[in-house]
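Overview (structure and organization)
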Number of protein chains: 2
Amino acid sequence: MNDDKVPCDRVGAARLSLRRVAIDTYRENVAYLHRDCDVYRAEGFQALSKVEIRANGRRILATLNVTNDQRIVKCNEIGLSEDAFAHMGVEPGHPATISQAEPPESIAALHRKIDGERLSRDDFHGIVRDIAEHRYSKIELSAFVVATNRGELDREEVFYLTEAMIASGRRVNWNERLVVDKHCIGGIPGNRTSMLVVPIVAAHGLVCPKTSSRAITSPAGTADTMEVLANVELPFDRLSEIVSEHRACLAWGGTANLSPADDVLISVERPLSLDSPGQMVASILSKKMAAGSTHLVLDIPIGPTAKVRSMPEAQKLRRLFEYVAKRLDLSLDVVITDGRQPIGNGIGPVLEARDVMQVLENHPHAPMDLRQKALRLAGRLLECDPDIRGGDGYAIARDILDSGRALEKMLAIIKAQGSKGFNHLNPALGALTFEVLAPAEGVVTGINNLQIARVARLAGAPKVQAAGVDLACKLGDPVHKGDLLYKVHAEFQSDLEFARQAAEKSNGYTVGPASELSHVFVEF
Amino acid sequence: MNDDKVPCDRVGAARLSLRRVAIDTYRENVAYLHRDCDVYRAEGFQALSKVEIRANGRRILATLNVTNDQRIVKCNEIGLSEDAFAHMGVEPGHPATISQAEPPESIAALHRKIDGERLSRDDFHGIVRDIAEHRYSKIELSAFVVATNRGELDREEVFYLTEAMIASGRRVNWNERLVVDKHCIGGIPGNRTSMLVVPIVAAHGLVCPKTSSRAITSPAGTADTMEVLANVELPFDRLSEIVSEHRACLAWGGTANLSPADDVLISVERPLSLDSPGQMVASILSKKMAAGSTHLVLDIPIGPTAKVRSMPEAQKLRRLFEYVAKRLDLSLDVVITDGRQPIGNGIGPVLEARDVMQVLENHPHAPMDLRQKALRLAGRLLECDPDIRGGDGYAIARDILDSGRALEKMLAIIKAQGSKGFNHLNPALGALTFEVLAPAEGVVTGINNLQIARVARLAGAPKVQAAGVDLACKLGDPVHKGDLLYKVHAEFQSDLEFARQAAEKSNGYTVGPASELSHVFVEF
């Protein structure tokens, strides 16, 4: 390499200026330097080096990418990917320095875990703090996730991890004796019970400040569906006011800085498709504890295309949840449910919002499975109230729903958060459609959650709110050849074609003799 | 998100055009799409999604980064990072398609390894093939490296891994009964014995086609140092000609596609600082087998700042090397050497080239430790010749060196590869210098390999060939207060300052009473 012909003016390290590079690297901080940047050459950086960038009294670690393109960064600039730039909290052009990063302090503990050692409480706190502060690269995060995978963490280590994740962010205190919440481990399309359970238990008077995520790999999360009805991105102070007035909210949890290490870990667990019991327990319970919950009802669906595929597996997972919850002093009630098929009829934000509102209105077309499941979960949650006798919750929940008090509460929450004026009686669905029909006479013997979710996503959900899948038949329904199984809605032609190709490859339905209908025995 | 206001013209998937994005992502394929690209929105991609890009009958997998900046990619373009673009072998603007990538076939085997299972020969072949074809993301590579770390691979699995890595690339056949090579596991600055061993054994008549790497984390690799003397980037056909004529070469191995999976794995092992025995054995032996070697002398230095820190550790590593070599039918001779300090005086390409040439010329200032070590290794390698009796190698090597035949061979190799006209009697060293002096009277009792290497790198090596560290004292040398310990050479003021700051923090030398001099017992 000929270092005489550096085409940029040579500048000192201190004079580099920060630049926002509009590249979304999904929660990994990436810094961009020009190959001819004086500092780059001098420090002997390599692409993928970990560097530390300081500006405005803050510092972050980032992975270094090197470029020859002055349109991305000039020789006197440090470029930062979107998230990383936002972390620094400064304007473009702010002076900044860059240096070879010292490895995060907790790397020694990570190496001990990689070598198979059991880690201490302090080790987990150190690792999780570094993760929450974005001091781990994607490669190190991946190493942590693999080294703490199935079987590598004993239950006490899972507790330490959970505790450390709670401590990594904000912890809300509602100043209430009882703060209830419900959560599902996920994987079942259309499963919008939270939007029914929350108004039911709040109408009874329990405090239920529900914060939810948006969809990561599914066609809609609770936050995406609620967003059809109301504003879900609210500052925390406003949420507090709504909760004091209405006992509940249904908002997006992304702005609250609850268990931020969890969000970082998910960024590698998802592409690796790793969802080990220890990590799932730490993820869910840390979020709930950070949100200030005292009582939690947890839904574990089982089925051939659910996250948990057998009852022994569900029972084992339940015991781990219960052990950690007990150590955290969280009152936990685990409900194992039927996860053989989607819940409700609609899959996609608008379609799911329609189903929820129909149930709240006791509409004759309201999906009964969604209503039943919501009532059972709400009943279990109501029984957290010491004034309600065990076994009475379901009937109380049903009364609240049938009487219209749940609808009234929901409308109050929607109004408080800011209504979007959704017309659920005539929802605007994606105008481009195709239908999937029964290929033969028989009974619906299987519905593949994963394939239905995929078709709905390809159709545009959740980004295109009005896109998705509307199911006409559920398990056990008799069909004739040519009967409608489901209708796909999209707004864009290319989306429709992607969804059609996927549905033609596999539509997710199995139609056969009634004897082949799979049964699942779940407890309530 | 309002999808009505897409500011780009909507285009079909098939019409996207390829663009080279001048970002070096260090062996990870990265694809860039504009956030408003029709295909991006339609497919429901997420940042970090794995995508498959097809063009020109080729396909690659890449990690997706999403950008808002039309200067990086336009809405109708797919940007590819430098390596990824080169893989496609097309001109900018070539039409291409992008789709959600199916996971690599071998991911199921990776998951089994993560779960602690022993993998089969076929599993390793599948994984390594996918790695060599760049079908693994950085996250998946990291998962593989951690899941096959220390203790996770038994020795037969290490053999399978090595065999699969050999099969992942080109395998050279020299059509010779005996093809000898030497290799050091690394970590000792200045350790340029290859540039002496190769001309010695080639002068004797053995075939020794040496391909080396450039420095990754060290101040100079053999290829960097040889490049001071001669051209090292030669097409393989030219290398073959040189080897037929001169029995040897000293070239960079990067263009030969030998064990390409190894290069990909190193891209995550390095930032993780993972260098487990199994991975080291597979890496080294796969490269040597792919290069067509039949006989290998392997140097394992031990010392407090070497890669291997104790004799039991070295012995264990040796047994693993020997087991795998035997399964591969490679004749292996392991030599455990003194790794307590740098070898030779100079550290950095020009300084190391000077030392090598001084030894070849039997110059009075030639560093004796470099000469001795090279003679011992060359002697062991000469004993691969069935006509040489065990124990006679050293004396023969010394005769070849002392007689000038090694120098003559080296000059012939330099001329064949293309001489750079290096003047080793008066080498042009970096003109900016500072000196590190002894703080007190005593004996040099320790030299930290890692710190000396760091100072040399900060001074500019290996990119700035004339930069580096020139040692004036070695272990056991008596010094008075103010005596020169070493001199640092740089070409740029900022480099000099970085090196000075590091040396002021810790200069890497310990001076104390002679009784504190550490001893190491190594076998030869």
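A brief structural summary. (Residues numbered from 1 in each chain as written. Chains lettered and ligands numbered in written order. Predicted model: local features only at pLDDT ≥ 70, side-chain atom pairs only at ≥ 80, totals over all residues. Heavy atoms only, no water.)

**A word on the overall build of chain A**
Counting its regular elements, chain A contains 18 helices and 19 strands. A compact globule built from 524 residues would reach a C-alpha radius of gyration of about 24 Å, and chain A, at 25 Å, matches this within 12%. Taken along the three principal axes of its C-alpha coordinates, chain A extends 80 × 55 × 45 Å. Evaluated residue by residue, chain A yields a buried proportion of 61% over its 524 residues. Put simply, of all contacts in chain A between residues at least 6 apart along the chain, 81% involve residues at least 24 apart. Entry remark: accessible area of chain A is about 20,000 Å², with carbon and sulfur atoms responsible for 47%. Placing the 62 positive and 68 negative side-chain charges of chain A at their respective mean positions leaves the two points 0 Å apart. (Helix = DSSP H or I, 4+ residues; strand = E, 2+ residues; numbered from the N terminus. Rg over C-alpha atoms; globule rule 2.2 N^0.38 Å. Buried < 20%, exposed > 50% of the residue type's maximum accessible area, 1.4 Å probe, protein only. Contact = heavy atoms within 4.5 Å. Areas by Shrake-Rupley, 256 points an atom, 1.4 Å probe, with all protein chains shown as cover. Lys, Arg positive; Asp, Glu negative; His and termini not counted. Charge placed at Lys NZ, Arg CZ, Asp CG, Glu CD.)

**Some thoughts on the environment of Leu381 of chain A**
Residue and element names in this part refer to chain A. One can find Leu381 in helix H14 (residues 368-382). Since its relative accessible area comes to 0%, Leu381 is described here as buried. For the pair Leu381 and Lys182, spaced 199 residues apart in the sequence, the C-alpha separation amounts to 7.6 Å. Discounting chain neighbours no more than four positions away, the residues touching Leu381 are Val180, Asp181, Lys182, Val197, Val201, Leu206 and Val297.

**Remarks on helix H15 (residues 393-402) of chain A**
Residue and element names in this part refer to chain A. Here H15 has its buried residues at Gly393, Ala397, Ile400 and Leu401. The buried residues of H15 all sit within an arc of 95° when viewed along its axis, so they share a single face. Buried residues belonging to H15 abut helix H7 (194-204), helix H13 (349-360), H14 and helix H16 (405-417). Trailing H15 by a residue or two, Gly404 shows a phi angle of about 90°, which is positive. (Arc of directions from axis to C-beta.)

**Concerning the pairing of strand E4 (residues 50-55) of chain A**
Residue and element names in this part refer to chain A. Most of E4 is tucked away: five of the six residues are buried. Relative to strand E5 (residues 58-67), E4 is paired through six bridges, and the arrangement is antiparallel. Its bridge partner being in E5, Ala55 is matched across the sheet by Arg58. Counted between consecutive antiparallel strands, the loop separating E4 from E5 contains two residues, among which Asn56 sits at a positive phi close to 60°. (Pairing = 2+ DSSP bridges.)

**Quick notes on the interface of chain B and chain A**
Listed as interface residues are 60 residues of chain B and, on the opposing side, 60 residues of chain A. When chain B packs against chain A, close to 5,500 Å² is buried across both sides, 53% of that on carbon and sulfur atoms. At the boundary of chain B with chain A, the tally comes to four salt bridges. Between Arg35 of chain B and Asp24 of chain A there is a salt bridge; the shortest N-O distance is 3.7 Å. (Buried area = accessible area lost by both parts, 1.4 Å probe. Salt bridge = Lys/Arg side-chain N within 4 Å of Asp/Glu carboxyl O.)

**With respect to the pairing of strand E12 (residues 331-338) of chain B**
Residue and element names in this part refer to chain B. Two elements, strand E11 (residues 295-302) and E12, share eight bridges in a ladder whose sense is parallel. When the bridges of E12 are listed, Leu298 appears paired with Val334. In this region the chain leaves E11, passes through helix H12 (residues 311-328) and returns to the parallel neighbour E12; the handedness of that crossover is right-handed. (Right-handed = clockwise from strand over helix to strand, strands pointing away.)

**Thoughts on the nonpolar core**
Judged by nonpolar contacts, the single largest core of 112 residues is most densely connected at Leu285, Ile300 and Phe321 of chain A together with Leu285, Ile300 and Phe321 of chain B. The greatest single-element share of this core, amounting to eight residues, is contributed by H12 of chain B. Once residues within four sequence positions are removed from consideration, Phe321 of chain B is found in contact with Ile185, Met280, Val281, Ile284, Leu285, Leu298, Ile300 and Leu332 of chain B. Membership of the second largest hydrophobic core comes to 49 residues, among which are Ile188, Val198, Ala353 and Ala406 of chain A. (Core = buried A, V, L, I, M, F, W, Y, C linked by side-chain atoms within 4.5 Å.)

**Some remarks on the pattern of salt bridges**
Residues and elements named next belong to chain A. Evaluated as defined, the whole model comprises 70 salt bridges over all chains. With its nearest N and O atoms 2.7 Å apart, the salt bridge here joins Arg214 to Glu227. One end of the pair, Arg214, is in the loop between strand E9 (208-212) and helix H8 (222-229); the other, Glu227, is in helix H8, with 13 residues separating them in the sequence. Accessibility expressed as a relative area gives 22% for Arg214, which makes it partly exposed. Look at Glu227 and you get buried, because its relative accessible area is 19%.

**Examining the sheet that holds strand E17 (residues 478-479) of chain B**
Pairing between sheet strands relies on hydrogen bonds along the backbone, with the strands arranged either parallel or antiparallel. Residue and element names in this part refer to chain B. The strand order across the open sheet formed by three strands is E17-E15-E19, and the pairing between neighbours is antiparallel. In this open sheet, the two strands that pair with only one neighbour each are E17 and strand E19 (509-512). In this sheet, E19 lies alongside strand E15 (residues 442-447) in antiparallel orientation, the contact comprising four bridges. Its bridge partner lying in E19, Ile447 is registered against Tyr509.

**Describing the relation of the copies chain B and chain A**
At an RMSD of 0.0 Å, chain B and chain A line up after a rotation of 180° and a shift of 0.0 Å along the axis. Taken together, the turn and the small shift mark the pair as related by a two-fold rotation axis. Mapped onto chain A, 100% of the interface residues of chain B again fall at the interface, so both copies present the same surface. (Least-squares fit on C-alpha atoms with pLDDT ≥ 70 in both.)

**Digging into the packing of helix H10 (residues 260-272) of chain A against helix H11 (residues 277-290) of chain A**
All names here are of chain A. Packing of H10 against H11 leaves a shortest axis separation of 11 Å and a crossing angle of 150°. The pairing of H10 with H11 is recorded here as roughly antiparallel in orientation. At the point where H10 passes H11, the crossing takes the left-handed sense. Residues Asp262, Asp263, Ile266 and Glu269 of H10 form the contact with H11, whose own contacting residues are Gln279, Ser283 and Lys287. (Axes fitted to C-alpha atoms, helices over the stretch in contact; angles between N-to-C directions. Parallel < 35°, antiparallel > 145°, perpendicular 65-115°, else oblique. Left-handed = near helix turned anticlockwise from the far one by under 90°.)

**A look at the side chain of Ser286 of chain A**
Residues and elements named next belong to chain A. Summarising the element assignment, Ser286 is placed in helix H11. On the accessibility criterion, Ser286 (0% relative accessible area) is buried. Ignoring anything within four residues of it in the chain, the contact list for Ser286 reads Thr162, Met165, Ile166, Ser259 and Val281.

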